[in-house]
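Tertiary structure, described
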Amino acid sequence: MTTRREQTSTESRELILTAAAELFAVKGYRQTTFADVAERSGISRGSIPWHFGSKEGLLLAVLERSVDLLNASLDGPPDQGADLGLDRVTKGLEALFAQPTTKLFVTLLVEALEPDSPIHDRYVAIHGTLRGHCKRWLDRFAPSAGPPTEALAVAIVGAGIGIHQQWLVAPDRVDIGQSLAALRALVAGIH
């Protein structure tokens, strides 16, 4: 049984993680300060390093939590038949793109590309996770003659990331539903 102190600590940690994820997505990692996170979360500034050690530790915890949320949204019971599976994936991607934490991945991508970035390896793992989910989904259906599922997974993940980024930059010009439907049609035609 957890004590009240442990429960308060867990609640504080969650408030800090939520605030940091929102701020990193909007302002970026480098422009976000502990003071910003403290103000947004309502938790004292001194509690942040107590929970996470450093700003880098906070960033890694935010990414880890976001990856867990991403995995939870992609995992689920397999659908029967390729058509139902494609519909489920398309709807799942559209819902995923609408989550504020998904913008975080786009915002922090630039940080991950910088030399000696503390999150570079996490981004390699995130993309690997996405490709793994995609490949497992593709493997559930009998593949037709065409590209290997590994290559197709890279292309699908790349297209999905690209659609999401274009929508974030110009939401009035990019219709996510139509764009994902077009991707769905392309995948259905080659798989």
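Conventions used here
Residues numbered from 1 in each chain as written. Predicted model: local features only at pLDDT ≥ 70, side-chain atom pairs only at ≥ 80, totals over all residues. Heavy atoms only, no water. Phe/Tyr/Trp six-rings, centres within 6.5 Å; stacked < 30°, edge-to-face > 60°. Buried < 20%, exposed > 50% of the residue type's maximum accessible area, 1.4 Å probe, protein only. Helix = DSSP H or I, 4+ residues; strand = E, 2+ residues; numbered from the N terminus. Lys NZ or Arg CZ within 6 Å of the ring centre and 35° of its normal. pLDDT = per-residue confidence, 0-100. Contact = heavy atoms within 4.5 Å. Arc of directions from axis to C-beta. Salt bridge = Lys/Arg side-chain N within 4 Å of Asp/Glu carboxyl O.

1. Some details on the packing of aromatic side chains
Scanning all chains against the criterion turns up two aromatic pairs. Between Phe-24 and Tyr-29, the aromatic rings sit 5.5 Å apart at their centres with planes inclined by 70°, giving edge-to-face as the arrangement. In terms of burial, Phe-24 and Tyr-29 fall into one category: buried. A centroid spacing of 6.5 Å and a plane angle of 75° characterise the contact between Phe-105 and Tyr-123, whose relative ring orientation is edge-to-face. Of the two residues, Phe-105 sits in helix α6 (residues 100-113) while Tyr-123 sits in helix α7 (residues 120-139), which places them 18 residues apart along the sequence. In terms of burial, Phe-105 and Tyr-123 fall into one category: buried. The residue whose ring lies beneath Lys-55 is Tyr-29, and the NZ or CZ to ring-centre distance is 4.7 Å.

2. Looking at the confidence of the model for the protein
Put simply, the protein has an average pLDDT of 83, and 87% of its residues get 70 or more. The least confident element of the protein is helix α5 (residues 82-98), whose mean pLDDT is 67; the most confident is helix α2 (residues 34-41), at 96. Predicted confidence for residues 78-84 stays below pLDDT 50, and this span has nine contacts to residues more than four positions away or in other chains.

3. Quick word on α2
All of the buried residues along α2 are Phe-34, Val-37, Ala-38 and Ser-41. Taken end-on, α2 shows its buried residues confined to a sector of 100°, consistent with a single buried face. Immediately downstream of α2, the backbone of Gly-42 shows phi near 80°, a positive value.

4. Concerning the pattern of salt bridges
On inspection of all chains with the given rule, the structure shows eight salt bridges. Between Glu-11 and Arg-4 there is a salt bridge, with its nearest N and O atoms 3.9 Å apart. Using a relative accessible area of 36% as the deciding quantity, one classes Glu-11 as partly exposed. On the accessibility criterion, Arg-4 (54% relative accessible area) is exposed. Measuring nitrogen to oxygen at the nearest pair gives 3.7 Å for the salt bridge that ties Lys-135 to Glu-150. Residue Lys-135 is located in helix α7, and its partner Glu-150 is located in helix α8 (residues 149-169); the two are separated by 15 residues in the primary sequence.

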